Amino acid sequence: MHTTTLQRLKKELPVLLALAASVCIAGIIVRYLALPNAIELANNSSEMNVYSEVLSAKDDLASVKNQIALEQDSLSEKFQRLTQGMGDPEDLSSILGILIGKAEDAGIHFIRKVQPQDESRRNDYVLYPVVLEMTTSCESLGKFVAGIESVPHLVRMSRLAVTAQRGGKLDVRVLVTCFLMPK
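Bear in mind the structure is a predicted one, so any value in this text is a computation, not a measurement.

> Quick question: what am I supposed to make of the overall build of the protein here?
When helices and strands are tallied, the protein shows 4 helices and 5 strands. In sequence order, the protein lays out its α and β elements as α-α-α-β-β-β-α-β-β. The globule rule puts the C-alpha radius of gyration for 183 residues at 16 Å, and the 42 Å found for the protein is more than 25% above it. Taken along the three principal axes of its C-alpha coordinates, the protein extends 140 × 40 × 30 Å. Intrachain contacts of the protein at a sequence separation of at least 6 include 56% that bridge at least 24 residues. Of the accessible surface of the protein, which amounts to about 13,600 Å², a share of 59% is contributed by carbon and sulfur atoms. Across the protein, the 20 positively charged side chains and the 21 negatively charged ones have centroids separated by 6 Å.

Shown next as structure tokens:
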């Protein structure tokens, strides 16, 4: 009984070995040729889905671009209002022009003295202290101070000295600090 089985196995051995070798070769082919291609196909498919989503959202991108443009215009208008249309001042005379304009808007038509002090430099800006002397009314002084406070990115009031005179007038000394970008 065992001898007949062994005899059959001897006859079928080459076929079984060929079958086993072909299964091994097929496994190797799948592992080294087909599997990397399948993985690359899956990666390309997911990348293509991303591009497809971007292309399908083209209308959304246009609306986002329009919203950004509107916001930029709004910010530009606010900046122009803050700097009275002068843009970014380039030197101390530009800022002094703004200060004189604020004084005239407040009803102060004559500033007796404009006395720049020593500048001090910081890492990204330069501080220019300036003393302004004037004679004005209480109401005009309040409007002038409000005008200065409306441009805190350009000028800050550091000190205010007020002396009352006859007739409701005030002698005023104001120390303002002007901010400029270094050249």
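> Just checking my understanding: could you explain the environment of S150 for this structure?
Assignment of secondary structure puts S150 in the loop between helix 4 (138-149) and strand 4 (155-164). What makes S150 partly exposed here is its relative accessible area of 30%. Here K102 takes part through its side chain, which lies 3.0 Å from a polar atom of the side chain of S150.

> What is the right way to read the pairing of strand 5 (residues 170-180) from this model?
Strand residues, when the strand is regular, have side chains that alternate between the two faces of the sheet. Within strand 5, 9 of the 11 residues are buried, which leaves it mostly tucked inside the rest of the structure. Here strand 4 pairs with strand 5 via 9 bridges, running antiparallel. Across the sheet, the residue bridging to T163 is D171, located in strand 5. Count of turn residues in the strand 4/strand 5 antiparallel hairpin: 5 residues, of which G167 carries a positive phi of about 80°.

> How should I be thinking about the packing of helix 3 (residues 92-105) against helix 4 in this particular structure?
Axis angle and axis distance: for two packed helices, these are the angle between their axes and the distance between the axes, and together they describe the pair. Helix 4 packs onto helix 3 with a crossing angle of 145° between their chain directions and a minimal axis gap of 8 Å. The crossing of helix 3 and helix 4 is right-handed. Contact residues: helix 3 offers L99, K102 and A103, while helix 4 offers F144, G147 and I148. Of the residues contributing to the contact of helix 3 with helix 4, the split by class is 4 nonpolar, 1 polar and 1 charged.

> Please clarify how the nonpolar core should be interpreted in this entry.
Across soluble globular proteins, nonpolar side chains show a tendency to be buried alongside one another. Judged by nonpolar contacts, the single largest core of 27 residues is most densely connected at L99, L132, F144, V155, V176 and C178. Within the residue set of this core, elements represented by two or more residues are helix 3, strand 3 (126-136), helix 4, strand 4 and strand 5. Setting aside residues no more than four positions away along its own chain, C178 makes contact with L92, I95, L99, V126, L127, Y128, V130, L154 and V155.

> I tried to follow helix 3 on my own but got confused; where do I start?
The end-to-end C-alpha distance of helix 3 is 20 Å, a good match for the 20 Å that 14 residues give at a rise of 1.5 Å each. Listing the buried residues of helix 3 in full gives L92, S94, I95, L96, I98, L99, K102 and A103. The secondary structure elements touched by the buried residues of helix 3 are strand 1 (111-116), strand 3, helix 4, strand 4 and strand 5.

> What am I meant to see in the pattern of salt bridges here?
One side chain can pair with another of opposite charge once the charged atoms of both are near each other. Applying the stated criterion to the full structure yields 5 salt bridges. The partner of E133 in a salt bridge is R112, and the shortest N-O contact between them spans 4.0 Å. Of the two residues, E133 sits in strand 3 while R112 sits in strand 1, which places them 21 residues apart along the sequence. Taking relative accessible area as the criterion, E133 reaches 13% and is therefore assigned buried. Here R173 makes a salt bridge to E133, at a shortest N to O gap of 3.6 Å. Taken together, the positions of R173 in strand 5 and E133 in strand 3 put the pair 40 residues apart, joining distant regions of the chain. With a relative accessible area of 42%, R173 lands in the partly exposed category.

Procedures and definitions
Residues numbered from 1 in each chain as written. Predicted model: local features only at pLDDT ≥ 70, side-chain atom pairs only at ≥ 80, totals over all residues. Heavy atoms only, no water. Helix = DSSP H or I, 4+ residues; strand = E, 2+ residues; numbered from the N terminus. Rg over C-alpha atoms; globule rule 2.2 N^0.38 Å. Contact = heavy atoms within 4.5 Å. Areas by Shrake-Rupley, 256 points an atom, 1.4 Å probe, with all protein chains shown as cover. Lys, Arg positive; Asp, Glu negative; His and termini not counted. Charge placed at Lys NZ, Arg CZ, Asp CG, Glu CD. Buried < 20%, exposed > 50% of the residue type's maximum accessible area, 1.4 Å probe, protein only. Polar contact = N/O pair within 3.5 Å; in protein donor to acceptor, adjacent residues only side chain to side chain. Pairing = 2+ DSSP bridges. Axes fitted to C-alpha atoms, helices over the stretch in contact; angles between N-to-C directions. Left-handed = near helix turned anticlockwise from the far one by under 90°. Nonpolar A, V, L, I, M, F, W, Y, C, P; charged D, E, K, R; others polar. Core = buried A, V, L, I, M, F, W, Y, C linked by side-chain atoms within 4.5 Å. Expected span 1.5 Å × (residues − 1). Salt bridge = Lys/Arg side-chain N within 4 Å of Asp/Glu carboxyl O.

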